Amino acid sequence: ADFLTEYLNLKYPDKDFKTFIYISVKYQKLYLINNHKIVKKYPVSTAVLGVGNKMNSMQTPLGLHTIKRKIGNNVPLGGLFYSRVYSGRISTIYTNKVKSLTDDVTSRIMWLHGEEPGINRGRDIDSYKRYIYIHGTSEEGYIGEPASHGCIRMKNNDVIELFDSVEEEIPVIILKV
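Remember, predicted model here, so these are calculated numbers, not experimental data. (Residues numbered from 1 in each chain as written. Predicted model: local features only at pLDDT ≥ 70, side-chain atom pairs only at ≥ 80, totals over all residues. Heavy atoms only, no water.)

(A) Geometry of the side chain of Arg130. Here Arg130 is to be found in the loop between strand 7 (105-114) and strand 8 (133-136). Here Arg130 sits buried without a salt bridge, and the closest side chain of opposite charge, Asp126, lies 8.5 Å off (N-O distance). Among the polar contacts listed, one links the side chain of Arg130 to the backbone oxygen of Lys54, at a separation of 3.3 Å. The residues touching Arg130, leaving out its near neighbours within four places in the chain, are Gly52, Asn53, Lys54, Met55, Ser57, Met58, Gln59 and Pro61. (Helix = DSSP H or I, 4+ residues; strand = E, 2+ residues; numbered from the N terminus. Buried < 20%, exposed > 50% of the residue type's maximum accessible area, 1.4 Å probe, protein only. Lys, Arg positive; Asp, Glu negative; His and termini not counted. Salt bridge = Lys/Arg side-chain N within 4 Å of Asp/Glu carboxyl O. Polar contact = N/O pair within 3.5 Å; in protein donor to acceptor, adjacent residues only side chain to side chain. Contact = heavy atoms within 4.5 Å.)

In structure tokens form, the structure reads like this:
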């Protein structure tokens with residue numbers, strides 16, 4: 001974590017990386033890092049179509065982001081969202097490799113804002129306008145391999161734990177490695 005923190009401080013000197021989230025597309029892992037130490041490690045699923053930043057690409061965008069909005073405080077485990085609003089319904093959670101009929105967003109949403117103009121912010125490459133989230137999913141059996149439509153999916157208990165551990169505006173770096 002020391003090397004990554006040093007790299008981020010050099011590349012983005014105006015940002016504070018005391019606490020940040022690192023998402024590895026290669027290893028399908030999310031790391032919560034504080035004071036150069038990995039505090040928590042979670043399996044995730046990034047996009048089945050790989051990485052990319054274009055609108056409607058259904059790919060996971062790379063680069064520096066921040067959590068712009070946290071949505072879903074006190075929503076029950078498996079609570080189903082439609083357009084970022086809790087529906088009052090609880091999704092069936094599949095722990096084996098079963099595809100749900102819809103791309104369910106469950107339990108919590110951490111909406112990402114791109115911080116790099118021309119890479120993940122602006123015009124047709126804007127992560128925020130693409131509705132890229134860290135969120136819970138009904139397809140937990142696929143966590144640990146690429147399976148999403150661009151977002152970063154987590155197991156429901158994990159996304160609730162992470163949501164409760166971080167504040168809005170925390171940096172989130174998404175890298176291929």
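Here the narrative resumes.
(B) Spatial organisation of the nonpolar core. The biggest cluster of nonpolar side chains holds 22 residues, and the ones touching the most others in it are Ile21, Leu30, Ile134 and Leu162. Those elements that provide at least two residues to this core are strand 1 (19-24), strand 2 (29-34), strand 7, strand 9 (152-154), helix 2 (156-165) and strand 10 (171-175). Beyond its immediate stretch of four places on either side in the chain, Leu30 contacts Ile21, Tyr22, Ile23, Lys40, Lys41, Tyr42, Val44, Ile134, Met154 and Leu162. Leu4, Leu8, Ile33 and Ile173 belong to the second largest nonpolar core, which has 11 residues in total. (Core = buried A, V, L, I, M, F, W, Y, C linked by side-chain atoms within 4.5 Å.)

(C) Local environment of the layout of surface pockets. As a volume, the largest pocket reaches approximately 210 Å³. Around the largest pocket, the lining is made up of 14 residues, and of these Met58, Arg130, Tyr131, Ile132 and His149 lie nearest the centre. (1 Å grid on protein atoms, 1.4 Å probe; cavity = no way out; pocket = protein on both sides within 12 Å on 5 of 7 lines; lining within 4 Å. Points joined across faces, edges and corners; volume = space filled by probe spheres on them.)

(D) Just the environment of Asn96, in detail. Among the secondary structure elements, Asn96 is positioned in the loop between strand 6 (85-90) and strand 7. By relative accessible area, which is 47% here, Asn96 ends up partly exposed. C-alpha separation for the pair Asn96 and Tyr142, spaced 46 residues apart in sequence, amounts to 7.5 Å.

(E) Structural view of the side chain of Ser57. Its place among the elements puts Ser57 in the loop between strand 3 (37-43) and strand 4 (63-71). A relative accessible area of 18% places Ser57 in the buried class. Here Gln59 takes part through its backbone nitrogen, which lies 3.2 Å from a polar atom of the side chain of Ser57. Apart from residues no more than four positions distant in its own chain, Ser57 is found in contact with Leu49, Gly52 and Arg130.

(F) Molecular detail of the environment of Thr19. Counting through the fold element by element, Thr19 comes out in strand 1. Sequence spacing of Thr19 and Asn35 is 16 residues, and the spatial spacing of their C-alpha atoms is 6.5 Å. The residues contacting Thr19, other than those within four sequence positions of it, are Leu32, Ile33, Asn34, Ile170 and Pro171. A distance of 2.7 Å separates the side chain of Thr19 from the side chain of Asn34, its partner in a polar contact.

(G) Here's a closer look at the pairing of strand 1. Counting buried residues along strand 1, five of its six residues qualify, which places the element largely inside the surrounding structure. Inspection of the sheet shows strand 1 paired to strand 2 by six bridges, in the antiparallel sense. Within strand 2, the residue paired with Ile23 across the bridge is Leu30. In textbook terms, the turn of a hairpin is the stretch between consecutive antiparallel strands, and for strand 1 and strand 2 this stretch comprises four residues, one of which, Gln28, has a positive phi near 50°. For strand 1 and strand 10, the ladder comprises four bridges, and the chain directions are parallel. Looking at strand 10, one finds that Ser24 is bridged to Leu175. (Pairing = 2+ DSSP bridges.)

Note that every value here comes from positions in space, so none of it alone points to a role or purpose.
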